[in-house]
Amino acid sequence: MKYTEKQILEKTKIILKDFKGKYYTDSCINKISFRKEKEVSKSERKVIGEWTVSVKTIFDNLDFLTVSDETGEPLYY
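Quick summary incoming for the structure in this document.

Calculation criteria
- Residues numbered from 1 in each chain as written.
- Predicted model: local features only at pLDDT ≥ 70, side-chain atom pairs only at ≥ 80, totals over all residues.
- Heavy atoms only, no water.
- Helix = DSSP H or I, 4+ residues; strand = E, 2+ residues; numbered from the N terminus.
- Buried < 20%, exposed > 50% of the residue type's maximum accessible area, 1.4 Å probe, protein only.
- Contact = heavy atoms within 4.5 Å.
- Areas by Shrake-Rupley, 256 points an atom, 1.4 Å probe, with all protein chains shown as cover.
- Lys, Arg positive; Asp, Glu negative; His and termini not counted.
- Charge placed at Lys NZ, Arg CZ, Asp CG, Glu CD.
- Pairing = 2+ DSSP bridges.
- Salt bridge = Lys/Arg side-chain N within 4 Å of Asp/Glu carboxyl O.

**Quick notes on the overall build of the chain**
Moving on, step 1. Of regular secondary structure, the chain possesses one helix and four strands.
Moving on, step 2. Each helix (α) and strand (β) of the chain, taken in turn from the N terminus, gives the series α-β-β-β-β.
Moving on, step 3. With the C-alpha coordinates of the chain rotated into their principal frame, the extents come out at 40 × 25 × 20 Å.
Moving on, step 4. Looking at the chain as a whole, 32% of its 77 residues qualify as buried.
Moving on, step 5. Of the contacts made within the chain by residues no fewer than 6 positions apart, 36% connect residues no fewer than 24 positions apart.
Moving on, step 6. With the model as given, the accessible surface of the chain reaches about 5,600 Å², and the carbon-plus-sulfur share is 51%.
Moving on, step 7. Placing the 15 positive and 13 negative side-chain charges of the chain at their respective mean positions leaves the two points 1 Å apart.

**A closer look at the environment of Y23**
Moving on, step 1. Structurally, the position occupied by Y23 is in the loop between α1 (5–20) and β1 (29–41).
Moving on, step 2. The exposed category is assigned to Y23, whose relative accessible area is 64%.
Moving on, step 3. Measuring from C-alpha to C-alpha, the distance between Y23 and I58 comes to 9.5 Å, with 35 residues separating the pair along the chain.

**Digging into the pairing of strand β2 (residues 46–56)**
The side chains of a regular strand alternate, residue by residue, between the two faces of the sheet.
Moving on, step 1. The pairing of β2 with strand β3 (residues 62–68) spans seven bridges and is antiparallel. Note that in β3 the partner of S54 across the bridge is F64.
Moving on, step 2. Turn length for the β2-β3 hairpin, with the two strands adjacent in sequence and antiparallel, is five residues, and the turn residue F59 shows positive phi of about 60 degrees.

**Some thoughts on the environment of I15**
Moving on, step 1. Considering the arrangement of structural elements, one finds I15 in helix α1.
Moving on, step 2. Sequence separation between I15 and E5 is 10 residues; the distance between their C-alpha atoms is 15 Å.
Moving on, step 3. Residues within four places of I15 in sequence aside, it is in contact with L65 and P74.

**A closer look at the pattern of salt bridges**
Side-chain pairs of opposite charge can arise where the charged atoms are in close proximity.
Moving on, step 1. Summed over the entire model, instances satisfying the criterion amount to four salt bridges.
Moving on, step 2. With a shortest N-O distance of 3.8 Å, E10 and K13 are connected by a salt bridge. Of the two residues, E10 and K13 both sit in helix α1, three residues apart, roughly one turn of that helix.
Moving on, step 3. Relative accessible area serves as the criterion here: at 22%, K13 is assigned to the partly exposed category.
Moving on, step 4. Residue R35 pairs with E50 through a salt bridge whose shortest N-O separation is 2.8 Å. Here R35, found in strand β1, pairs with E50, found in strand β2; they are 15 residues apart in sequence, far enough to count as distant.
Moving on, step 5. Classification of R35 as partly exposed rests on a relative accessible area of 43%.
Moving on, step 6. Salt bridges linked by common partners bring E10, K13 and D26 together as one network.

Right, here's the structure in full:
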């Protein structure tokens, strides 16, 4: 694990502020979890760690932001 939960929380706040703008508040972040190994591509057989952040959206729906543990960059939302 290259990043701590606190570091990912700070990165998530920046990502969501850029992505959602004025509709984002810190209370939107619901839960952060780490998965040690996720297969990225079956053809390459590359395995990486990933952070998943659940984000409350309108009408209490949950969206998920996935952040790479290798680079700290968002993979998908």
